[in-house]
Amino acid sequence: MEMPEEIFDKVVKIAQSRGFVFNASSIYGGLRSSYDYGPLGVLLKNNIEKMWWKSISNLEVEIYPIDTAIIQSSDVWKASGHVGEFTDPMVDHKPTGERFRADQVPDHIKKEDLTEPRQFNLMFQTNIGPVENENSTVYLRPETAQGIFVNFENVLRTMRAKIPFGIGNIGKSFRNEITPGQFIFRTREFEQMEIEFFCDESEEDKWFDYWIENRLNWYKNLGIPENKLRIREHDESELAHYAKKTSDIEFEYPWGWGELEGIANRGNYDLNAHQESSGKDLRYFDPNIDNKFTPSVIEPAGGLTRTLFAVLLSLYEEEELEKEVRTLFKFKFDLAPIQIGILPLSKKEELIEVCNSIKSELGPYFRTEIDVTQSIGKRYRRQDEIGTPYCITVDFDTLEDKAVTVRDRDSMSQERIKIEDIKSYFDNM
Ligand code: GAP
């Protein structure tokens, strides 16, 4: 039985060597805990994002998409409580000057070597425009959620939205984490997928339960095994300043259970706070009672980059073959960065020509790649290792029988399929 830490190291190594994730600024020695997403990482991230939008586009309730600015007015962060409250207690190790989150000091460090905890705001601060003064201070958003709250009235009015409804937002968020780490699990720049779901206060609990189930199913549907997922309710002391109740969907990472997504009942905290600060009426007019009220909010807040890592960790497999071990990512067809590898048996021009014509036929519908380098066996291994569900091999018989071999990643079984039937073969996946 493999040690979980070994899986972590192997997955990180494959992610880096196969073009999923690169260390940022690597030619300059890298920047600690900053990562770039390579070609396969971008494809995988895009697929997760697409599956997220798809899963919320066809529900019994309407979820409107939005895409809000990273830099908003500083008033947004004052009203939301982030300027005052979005802090972590931090301590310095006096002998070395190293800085830790107060609850994450390594065991070997003595208490007397630490400074008293100080509050450290996690927002990145910068300036807008050519003059630097207190009026030019802005922040990089630490969550996508506030972009939704400050657009609540815009969406309500322009879309004639009726409660209950939600607004979804995906994008980069930034937190000056004191202790980033575990590869892309905790970084200072990351992507979030958040929904704010507006409902009547009397239905808060019903929608809270609904979203936990909906989001848990979504992770299962990505292919993450059920036994690697669990729900954990926050106790009183853990609750964020805005939350009435929160449950996390957790994933069993190699180092233990960790958060994938938080589902919070934010009550009417945010809309009230923005209403008070901005002086704008952010209440909802309910024609049934001929009156206005501030809706309650249920927030499913997930991490896109953190989900990508959970997907890599949980779909990684090793199989003992007769002479070697093959490694693979068992991505589902929809999720796989490359869905179909097209491999000519040799570099002969006639075979490459057939590959090109198959690629132009399948290319508009599927993510395909022609792979010509190295022996066919090595190419199968590479496609397994990047999680390609099917490979089409074009051999010399193809020139005669107009058929190709289709190899299934998981069973390694091979089937001869006529080229003219190849698109409909994959249409049914
Ligand atoms: N609007 C609420 C909110 O932002 P959160 O629990 O702080 O809640 C939501 O963040 C999700 O964003 C987390 O469950 C996690 O998946 C992701 N996330 C938060 N901080 C992160 C970080 N430093 N690196 C990567 N992902 C992070």
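In short, a report on the structure.

Conventions we followed
- Residues numbered from 1 in each chain as written.
- Predicted model: local features only at pLDDT ≥ 70, side-chain atom pairs only at ≥ 80, totals over all residues.
- Heavy atoms only, no water.
- Helix = DSSP H or I, 4+ residues; strand = E, 2+ residues; numbered from the N terminus.
- Contact = heavy atoms within 4.5 Å.
- Areas by Shrake-Rupley, 256 points an atom, 1.4 Å probe, with all protein chains shown as cover.
- Lys, Arg positive; Asp, Glu negative; His and termini not counted.
- Charge placed at Lys NZ, Arg CZ, Asp CG, Glu CD.
- Buried < 20%, exposed > 50% of the residue type's maximum accessible area, 1.4 Å probe, protein only.
- Arc of directions from axis to C-beta.
- Near = heavy atom within 4 Å.
- Polar contact = N/O pair within 3.5 Å; in protein donor to acceptor, adjacent residues only side chain to side chain.
- Pairing = 2+ DSSP bridges.
- Axes fitted to C-alpha atoms, helices over the stretch in contact; angles between N-to-C directions.
- Core = buried A, V, L, I, M, F, W, Y, C linked by side-chain atoms within 4.5 Å.

## Brief notes about the overall build of the protein chain
Then, in step 1: Of regular secondary structure, the protein chain possesses 13 helices and 23 strands.
Then, in step 2: Based on the C-alpha atoms only, the size of the protein chain along its principal axes is roughly 75 × 65 × 50 Å.
Then, in step 3: Of the contacts made within the protein chain by residues no fewer than 6 positions apart, 65% connect residues no fewer than 24 positions apart.
Then, in step 4: Carbon and sulfur atoms make up 47% of the accessible area of the protein chain, which totals about 21,400 Å².
Then, in step 5: The protein chain carries 53 positive and 76 negative side-chain charges, and their two centres are separated by 3 Å.

## Comments concerning helix 6 (residues 152-159)
Then, in step 1: Listing the buried residues of helix 6 in full gives F152, V155 and L156. All buried residues of helix 6 lie within an arc of 100° about the axis, which places them on one face of the element.
Then, in step 2: Residues of helix 6 that are buried in the fold lie against strand 3 (62-66), helix 5 (145-149), strand 9 (165-174), strand 10 (189-199), helix 8 (269-278) and strand 14 (284-286).
Then, in step 3: A positive phi of about 50° marks R160, the residue just after helix 6.

## Topic: the site of the ligand
Then, in step 1: With respect to spatial proximity, 21 residues lie near the ligand, and among them E143, R175, E177, E194 and E259 are the closest.
Then, in step 2: A distance of 2.6 Å is found between a nitrogen atom of the ligand and a side-chain nitrogen or oxygen belonging to E143.
Then, in step 3: In the environment of the ligand, a nitrogen atom lies 3.4 Å from a nitrogen or oxygen atom belonging to the backbone of F185.
Then, in step 4: Surface burial for the ligand is 91%, taken as the share of its 550 Å² of free accessible area covered by protein chains.
Then, in step 5: For the shell around the ligand, the secondary-structure elements that each account for two or more residues are strand 10, strand 13 (256-267) and strand 16 (296-303).

## Regarding the sheet that holds strand 19 (residues 340-344)
Then, in step 1: Sheet architecture is open: five strands sit in the order 20-19-21-22-23, paired in mixed fashion. At either end of the open sheet lies a strand with only one pairing partner, and these are strand 20 (368-370) and strand 23 (414-418). Taking each pair of neighbouring strands and ignoring which way they run, the sheet shows an average axis angle of 25°.
Then, in step 2: Pairing of strand 19 with strand 20 involves three bridges; the strand directions are parallel.

## Looking at the nonpolar core
Then, in step 1: With 55 residues, the main nonpolar core has F20, W211, F309 and F331 as its most contacted residues.
Then, in step 2: Contributing elements (two or more residues each) for this core: helix 1 (4-17), helix 2 (39-57), strand 10, helix 7 (204-221), strand 12 (245-253), strand 13 and helix 9 (304-315).
Then, in step 3: Those residues in contact with F309 that sit more than four places away from it in its chain are F8, V11, V12, Q182, F183, I184, F185, Y253 and W255.
Then, in step 4: One finds F333, Y390, V404 and I419 within the second-largest nonpolar core, a separate group that totals 19 residues.

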